[in-house]
Amino acid sequence: MVRDLIIILGDQLSLEISSLEKIRKNEDKILMMEVSNEIEYANHHKKKLVLIFSAMRHFADELKKNKFDITYVEFDKSKENFTKELEQQCKKFNPKSIKITHPSEYRVLDEVKKWEKILGIPVTILEDSRFFCKIDEFSDWANSRKELKMELFYQKMRKKYNILIDNDGKPIGGKWNYDIKNRKRLPKNYSKIPNPLVCKPDKITKRVISQLGKKYAKHFGDLEPFWFATTKEDAIKSLEDFIKNRLEFFGPYEDAMKENEKFLYHSVLSIYLNVGLLNPRDVIQKVLQNKDLPIESIEGFVRQILGWREYVRGIYWHYMPKYSQTNFLNAKNKLPDFYWTGKTKMNCMKSCIDQTKQEAYAHHIQRLMITGNFALIAGINPKQVCNWYLSVYADAFEWVELPNTHGMVLYADGGILGSKPYAASGNYINKMSDYCKNCEYDVKIKNGKNACPFNYLYWNFFLKNQERLKKNPRLWTAFSNIKNMSEERKNQIENDSKEFMKTI
Ligand code: FAD
Ligand code: DLZ
Ligand code: SF4
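What counts, and where the lines are drawn
Residues numbered from 1 in each chain as written. Chains lettered and ligands numbered in written order. Predicted model: local features only at pLDDT ≥ 70, side-chain atom pairs only at ≥ 80, totals over all residues. Heavy atoms only, no water. Near = heavy atom within 4 Å. Polar contact = N/O pair within 3.5 Å; in protein donor to acceptor, adjacent residues only side chain to side chain. Areas by Shrake-Rupley, 256 points an atom, 1.4 Å probe, with all protein chains shown as cover. Helix = DSSP H or I, 4+ residues; strand = E, 2+ residues; numbered from the N terminus. Nonpolar A, V, L, I, M, F, W, Y, C, P; charged D, E, K, R; others polar. Domains from an automatic or database assignment. Core = buried A, V, L, I, M, F, W, Y, C linked by side-chain atoms within 4.5 Å. Buried < 20%, exposed > 50% of the residue type's maximum accessible area, 1.4 Å probe, protein only. Contact = heavy atoms within 4.5 Å. Expected span 1.5 Å × (residues − 1). Arc of directions from axis to C-beta. Pairing = 2+ DSSP bridges. Axes fitted to C-alpha atoms, helices over the stretch in contact; angles between N-to-C directions. Buried area = accessible area lost by both parts, 1.4 Å probe. Salt bridge = Lys/Arg side-chain N within 4 Å of Asp/Glu carboxyl O.

(A) Broad picture of the site of ligand 1. The immediate surroundings of ligand 1 are formed by 30 residues, with His-266, Ser-267, Val-268, Asn-274 and Tyr-361 found nearest. The separation between an oxygen atom of ligand 1 and a polar side-chain atom of His-266 is 2.7 Å. The contact in question runs from a nitrogen atom of ligand 1 to an N or O atom on the side chain of Asn-404, over 2.9 Å. A total of 810 Å² of accessible area belongs to ligand 1 in isolation, and the protein chains cover 99% of it. Elements with a minimum of two residues in the shell around ligand 1: helix 11 (270-275), helix 13 (295-319), helix 16 (364-377) and helix 18 (398-409). Considering only residue class, the shell around ligand 1 consists of 17 nonpolar, nine polar and four charged. Here the shell around ligand 1 spans two domains, and each of domain 2 (135-196 + 246-319) and domain 3 (338-503) adds at least three residues to it.

Below you can see the structure in the form of structure tokens.
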């Protein structure tokens, strides 16, 4: 008879996971399940599916090598969801109790909470200690203030963990935040940027590719070439490769975009962090060792992981399940098909979507200021936009995708996460990238057939949302421009937007 049955989910692939902390090797059993419900609830990119299943199977092998007793169920042999498969396994092994680390997503936690009643066995849900900030700790912080500014949360985390703090308790370099130095455009004569580490598929990965290729060929995106790390060892090599080759310029060019430069100086580590192959503490510790690198790169990187990553998780758990239901701007338009096909004349959109299809990756500014910005100013329904982001990126799990999309990009939460919508016209895209020079639209033209759609959709967005947004002090410039706009120009903007929206 099994004492504890320990469930490890597809994004808990670490020997340091809390559910394994007190495991008794000769009495307890581990269960890992590939189930069709998890595959089919979204149109997951094929590379995301390969990443998760190959990493799960590699992790199961590591557990076996470490002499743990483990049962691993592959998707072609399993029941359709976690609960049904678990019911089956419990009949076989008759465990005294079930243990699981807190699932990262509300939907799965909801399912887990029903297990005790369905199975008649006690279920213990343990804190996920991989995060710097506990869920309750964030809620206490959130309940103690009116505005939930990321910057203040980040400073609190820096102090708590003594990261980039000098002996007097002050931030190293004198400032908490070097954001102002993170906005450079890529110069024309930049040197070749080394790509992220390519990991050749081994036997396990090749088998997953072949199994998924057959059954899930209709899912979004290119299955091959597959190059992600699927083991802790290779994920650490990817981290070292980033530190050696790209970290130095991460800070200055964090907001830059360039056609055909898919990764620029970004780390491409979220995919490994989110499934558990990398631990955020190890990543920060390794990055901090590079004291000779520019502070705007080191601080900028730490801010993303210790600040943004923890902050969005805190927001998610503090506000779910209501968070996903809001639609502050009442955006109702359908997600255009070109988000799935890449078939659009807008070169910036086409480039980002094509790259997403190829790599299951786009960097932050592409997600925020191209595909996200378009969805915002075109008034696309938040649920459809969130479903797209959750499907197409290999790092997409709802706890991190939802606050970024629903909150940061679409302002559908009414300003809980961001103090204003990040709406931008073609001018911004032209300033930060080179997409416009290869575009059929003209970024300099404001209205009419050849005008860049971002130009009129931008003003149309503020015209449509005047009542909802005009009191926001950070939007004062936009609304004072609208105040001085002639009726003729307003009509032109509305007509161009209407005509354009008809074509998509
Ligand atoms: P880098 O630029 O190298 O940043 C370093 C690390 O910081 C990342 O690996 C990531 O772990 C963390 N990070 C950076 N920005 C954020 C952020 N805003 N929120 C949380 N963590 C952050 N990130 C996801 O991990 N999963 C998602 O599903 C996801 N969806 C997003 C959807 C939208 C609309 C937007 C605007 C952003 C989204 N992000 C998401 C945040 C961010 O875009 C990605 O973390 C980043 O692009 C991953 O690439 P990277 O590892 O090269 O990041
Ligand atoms: C994303 C995903 C997929 C596609 N498949 C599985 C699976 O078969 N088994 C599993 O344990 N996890 C999978 N995941 C991750 C889960 O959907 C979910 O995101 C995590 O369990 C966290 O809630
Ligand atoms: Fe995008 Fe407009 Fe530039 Fe074309 S002109 S690439 S649509 S911003």
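(B) Main features of the site of ligand 2. Near ligand 2 you find 19 residues, and of these Gly-10, Met-33, Val-35, Glu-38 and Glu-105 are the closest. Backbone polar atom of Val-35 to an oxygen atom of ligand 2: 2.9 Å apart, as the coordinates give it. In this structure, an oxygen atom belonging to ligand 2 sits 2.6 Å away from a side-chain N or O atom of Glu-105. Out of a free accessible area of 480 Å², ligand 2 has 100% covered by protein chains. Within the residue set of the shell around ligand 2, elements represented by two or more residues are helix 1 (36-40), helix 2 (46-65) and helix 4 (106-113). Among the elements that take part in the shell around ligand 2, helix 2 stands out by supplying four residues, more than any other.

(C) Molecular detail of the nonpolar core. Core analysis: the largest hydrophobic core is formed by 148 residues, its most contacted members being Ile-30, Met-32, Tyr-272, Tyr-311, Met-349 and Phe-374. Setting aside its immediate chain neighbours within four residues, Met-32 contacts Ile-8, Leu-13, Met-56, Phe-59, Ala-60, Leu-63, Ile-70, Thr-71, Tyr-72 and Val-73. Counting 18 residues, the second largest nonpolar core, distinct from the first, contains Leu-5, Leu-9, Val-35 and Leu-119.

(D) Helix 23 (residues 487-503), seen in detail. Between the first and last C-alpha of helix 23 there are 25 Å, a value that for 17 residues agrees with the 24 Å anticipated at 1.5 Å per step. Those residues of helix 23 that sit buried are Lys-490, Ile-493, Asp-496, Ser-497 and Phe-500. Viewed end-on, helix 23 has its buried residues packed into an arc of 135 degrees, placing them on one side of the element. Exposed residues lying more than 90 degrees from the buried face of helix 23 are Glu-487, Glu-488, Lys-498 and Lys-502. Check the buried side of helix 23 and you find it contacts helix 16, helix 20 (453-464) and helix 22 (476-483).

(E) Up close: the sheet that holds strand 3 (residues 70-73). With respect to topology, five strands assemble into an open sheet ordered 3-2-1-4-5, the strand pairing being parallel. Both outer strands of the open sheet, strand 3 and strand 5 (123-126), are each paired with one neighbouring strand and no more. Within the sheet, the average angular offset between the axes of one strand and its neighbour, ignoring direction, is 20 degrees. Looking at chain direction, strand 1 (residues 4-7) and strand 2 (residues 29-33) are connected through three bridges and run parallel. Bridge assignment links Ile-7 to a residue of strand 2, and that residue is Leu-31. Sheet strands touched by helix 3 (residues 82-93): strand 1, strand 2, strand 3 and strand 4 (97-101). Its angle to strand 2, the strand with the most contacts, is close to 150 degrees.

(F) Examining the domain arrangement of the protein more closely. Each assigned domain of the protein is listed with its residue range as follows: domain 1 (4-126), domain 2 (135-196 + 246-319) and domain 3 (338-503). Just the C-alpha atoms count here: the centres of domain 2 and domain 3 sit 25 Å apart. Taken together, the 27 residues of domain 2 in the interface contact 30 residues of domain 3. Interface of domain 2 and domain 3: buried area, both sides summed, is about 2,700 Å²; carbon and sulfur atoms make up 63% of it. Looking at the side of domain 2 facing domain 3, the largest losses of area belong to Met-257, Glu-259 and Lys-262, adding up to 29% of the total buried there. Summed over the shared surface of domain 2 and domain 3, the result is two salt bridges. Across the pair Asp-434 and Lys-258 runs a salt bridge whose closest N-O atoms are separated by 2.9 Å. Run the count over domain 2 and domain 3 and you get 15 residue pairs in polar contact (both at pLDDT 80 or more). Breaking the side of domain 2 that touches domain 3 down by element, the ones donating at least two residues are helix 11 and helix 13. Looking at which element gives the most residues to the side of domain 2 that touches domain 3, the answer is helix 13, with eight residues. A per-class count over the side of domain 2 that touches domain 3 returns 14 nonpolar, three polar and 10 charged.

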